[in-house]
Amino acid sequence: MLSAENRLKIIPTGLYAREIDERTRRGGSSDPYWCTNWTFVPRISENKIMLIDSYYKSYQDSISYVLDNENINDFTLIFDYSDVREVDQTTYQEYLNDDRFCVACDSGGRKYPKYFVKKTASPDKERQLYQVDSEIKSLEYQLERLKDKRNSIIES
């Protein structure tokens, strides 16, 4: 049973994490992340709150837990979807670690994570400059390789 006090702690639009529980994991693989992210979304009803693994987000296909006063502390809030926005990986790199999240939260799993940043955060100037400088360096390298290739063609 989940007390009224603990019920209020669950954010309906939250994404929660939990340590791998060998007793409840599913699948035909020895990989504990096979078709499972170990990140959870709440499904709140009048009688209970379930946390359902975010890989499928469905009752029948996903690992799920009915929250009670004993297991509520097994889950940690990662973020509230209302407070973040999804971004691409390049944009994600421009934010400070405290302002960004890289999470497995759908069927892309850990191989194809999603990137989020806090809506209230701004890109970090140093990180932006680093990203731009890295791209410039990469393009300069590519340009040099093309010049070398061109010269090689001319000389042959």
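Cut-off values and rules
- Residues numbered from 1 in each chain as written.
- Predicted model: local features only at pLDDT ≥ 70, side-chain atom pairs only at ≥ 80, totals over all residues.
- Heavy atoms only, no water.
- Phe/Tyr/Trp six-rings, centres within 6.5 Å; stacked < 30°, edge-to-face > 60°.
- Helix = DSSP H or I, 4+ residues; strand = E, 2+ residues; numbered from the N terminus.
- Buried < 20%, exposed > 50% of the residue type's maximum accessible area, 1.4 Å probe, protein only.
- Salt bridge = Lys/Arg side-chain N within 4 Å of Asp/Glu carboxyl O.
- Disulfide = S-S within 2.5 Å.
- Pairing = 2+ DSSP bridges.

A. Just the packing of aromatic side chains, in detail. For the structure shown, the criterion picks out 10 aromatic pairs. Residues Y65 and F75 carry aromatic rings whose centres are separated by 5.4 Å and whose planes lie at 70° to one another, so their mutual orientation is edge-to-face. Linking Y65 in strand β4 (residues 64-66) with F75 in strand β5 (residues 75-80), this pair joins segments that are 10 residues apart in sequence. When the centroid spacing of 5.0 Å and the interplanar angle of 50° are considered together, the rings of F79 and F116 count as tilted. Of this pair, F79 sits in strand β5 while F116 is found in strand β8 (residues 114-118), placing the two residues 37 residues apart along the sequence. Each of the two residues, F79 as well as F116, counts as buried. Pairwise contacts between aromatic rings join W38, F40, Y65 and F75 into one cluster.

B. The arrangement of unusual backbone geometry in detail. Of note in this structure, W38 is not a glycine but carries a positive phi near 60°. One can find W38 in the loop between β1 (14-18) and β2 (39-44).

C. Molecular detail of the pattern of salt bridges. Evaluated as defined, the whole model comprises 7 salt bridges. Note that D99 is salt-bridged to K118, the shortest N-O span being 4.0 Å. Within this pair, whereas D99 is found in the loop between α2 (89-92) and β7 (100-103), its partner K118 is found in strand β8, the two being separated by 19 residues in sequence. Among the residues examined, K118 registers a relative accessible area of 29% and is labelled partly exposed.

D. Focus on the state of the cysteines. All told, the structure shown has 0 disulfides when counted by the stated rule. Cysteine C102 is unpaired, with the sulfur of C105 as its nearest cysteine sulfur at 9.3 Å. What makes C105 buried here is its relative accessible area of 4%.

E. Expanded view of the pairing of strand β3 (residues 49-53). Counted residue by residue, β3 has 5 buried out of 5 residues, so it is predominantly covered. Alternating positions in β3 separate into two faces, I49, L51 and D53 on one and M50 and I52 on the other, with burial throughout. In this sheet, β3 lies alongside β2 in antiparallel orientation, the contact comprising 5 bridges. Bridging across to β3, V41 finds its partner in I52. What sits between the antiparallel neighbours β2 and β3 is a turn of 4 residues. Across 3 bridges, β3 lies against β4 in antiparallel orientation. Note on β4: the bridge partner recorded for L51 is Y65.

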